[in-house]
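# Structural features, examined
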Amino acid sequence: MSALTHIHKITLIPGDGIGPEVAAAMVSVVEAAGKLTGCAFEWHSFECGAEAYEKNGEILPQAALDSIAADKVAIKGPTATPIGGGFSSINVAMRKKFDLYNNFRPVKSLPGIKTNYPGIDMIIFRENTEDLYAGLEVMINPDIAQSLKIITRKGSTRIARSAFEYAKKHGRKKIHAIHKANIMKKSDGLFLECCKAVAAEYPEITYAEHIVDNTCMQLVMNPYQYDVILTENLYGDILSDLCSGLIGGLGLVPGANLGADTAIFEAVHGSAPDIAGQDKANPTALIQSAVLMLHHIDEAEAANKLQAAVEKVYAEGKSTTRDVGGSVGTKAFTEAVIAAL
Ligand code: ATP
């Protein structure tokens with residue numbers, strides 16, 4: 001390692017279920033890419049989630065939050081929320097704490113995976129802090145529960161601006177705002193009003209609005225009509241899983257939670273307890289989340305090399321995991337990516 005090597009401090013949360021397996025895979029390929037391009041990493045690792053709660057009595061230790069606040073960049077595997085006991089989700093808590101309002105999810109086909117829709121390339125911008133995920137729920141009486149859907153002008157405008165700025169910078173041509181304003185006239189109506197106002201500042205980008213149920217059908221009939229999807233928290237959560245199915249499943253789609261000064265990278269998938277600890281998990285989603293992270297910390301060369309290595313392994317098709325029709329385990333896939341680097 002040369003004296004010029006830049007050392008990036010990154011908070012790492014391996015998480016629950018398949019989390020530790022995919023996190024270990026991610027760390028080893030990022031280290032390998034860094035060695036090739038002259039950057040290094042200091043990982044600050046913390047146990048968080050349901051398994052950490054059983055072990056240490058805490059689901060999200062203050063030390064982990066302090067580390068994220070200091071490092072400004074974190075990458076995490078999926079974390080589960082202990083059932084019962086009134087715990088709120090770690091993801092929701094971290095998104096609120098660091099105001100990570102922009103959940104950025106690129107959905108792009110990889111070579112060599114057989115799907116009904118080759119050549120998908122779209123981005124989902126999901127508002128990450130409001131909507132029904134604001135966590136404002138009450139039991140009105142034992143038989144009636146109420147969840148509050150919060151949509152604000154500030155929240156809607158800033159996610160719309162993120163989507164339009166991204167589209168302008170990266171040559172994306174079309175943005176669809178996804179909503180249900182025909183029923184939720186006030187909340188989704190406000191969301192659309194804000195999207196429309198931002199769209200007016202970007203006349204070079206085509207702006208359209210689709211109702212969320214129609215969008216689900218359209219995505220299955222003709223996904224190619226979408227370029228950038230801009231939506232609220234709940235619709236974004238659901239559409240992300242749908243879109244991951246278009247390109248081969250949850251094991252592939254990366255994500256970033258972005259705020260004004262902090263970024264947490266994580267895969268779209270959950271902790272998949274059915275395959276945990278069996279060397280079956282596909283680490284591609286977290287590895288591609290790390291590619292987004294490398295771009296974020298201005299290590300484009302390492303990012304591009306790592307992405308190229310992943311695509312090479314998929315194009316060759318000999319070392320892919322079972323969820324995408326292959327036959328190898330997490331470790332063998334990881335070794336193949338390192339060899340491709
Ligand atoms: P959550 O509610 O935590 O978001 P989810 O309901 O989206 O979770 P997941 O845990 O993401 O569910 O997984 C659903 C199924 O998809 C799993 O049971 C597993 O079989 C498969 N799966 C998810 N992620 C992966 C992966 N990385 N590799 C292989 N299979 C996966």
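Quick note: structure is the one above.
What you are looking at is a predicted structure, and each value in this text was computed from that prediction instead of being measured. (Residues numbered from 1 in each chain as written. Predicted model: local features only at pLDDT ≥ 70, side-chain atom pairs only at ≥ 80, totals over all residues. Heavy atoms only, no water.)

### Let's talk about empty space enclosed by the protein
Applying the stated criterion across every chain yields a total of 1 cavity of 30 Å³ or more. Roughly 40 Å³ of internal volume is contained in the largest cavity. Taken together, Val92, Arg95, Arg126, Asn128, Thr129, Tyr133 and Asn233 make up the lining of the largest cavity. (1 Å grid on protein atoms, 1.4 Å probe; cavity = no way out; pocket = protein on both sides within 12 Å on 5 of 7 lines; lining within 4 Å. Points joined across faces, edges and corners; volume = space filled by probe spheres on them.)

### Quick look at the site of the ligand
By nearness alone, 13 residues border the ligand, and His269, Gly270, Ala272, Asp274 and Asn282 come closest of all. Take Gly270: an N or O atom from its main chain is 2.4 Å from an oxygen atom of the ligand. At 2.9 Å, a backbone N or O of Asn282 approaches a nitrogen atom of the ligand. For the ligand, the accessible surface in isolation is 620 Å², of which the surrounding protein chains cover 60%. (Near = heavy atom within 4 Å. Polar contact = N/O pair within 3.5 Å; in protein donor to acceptor, adjacent residues only side chain to side chain. Areas by Shrake-Rupley, 256 points an atom, 1.4 Å probe, with all protein chains shown as cover.)

### Side note on a nonpolar patch on the surface
A surface patch of nonpolar side chains, amounting to about 260 Å² of accessible area, comprises Val138, Ile140 and Ile144. Tracing the backbone shows Ile140 in strand 6 (residues 137–141). (Patch = residues over 30% accessible without salt bridge, like charges linked within 9 Å, V, L, I, M, F, W, Y side chains within 5 Å. Salt bridge = Lys/Arg side-chain N within 4 Å of Asp/Glu carboxyl O. Helix = DSSP H or I, 4+ residues; strand = E, 2+ residues; numbered from the N terminus.)

Remember that the coordinates give geometry; whether it matters functionally is a separate question.
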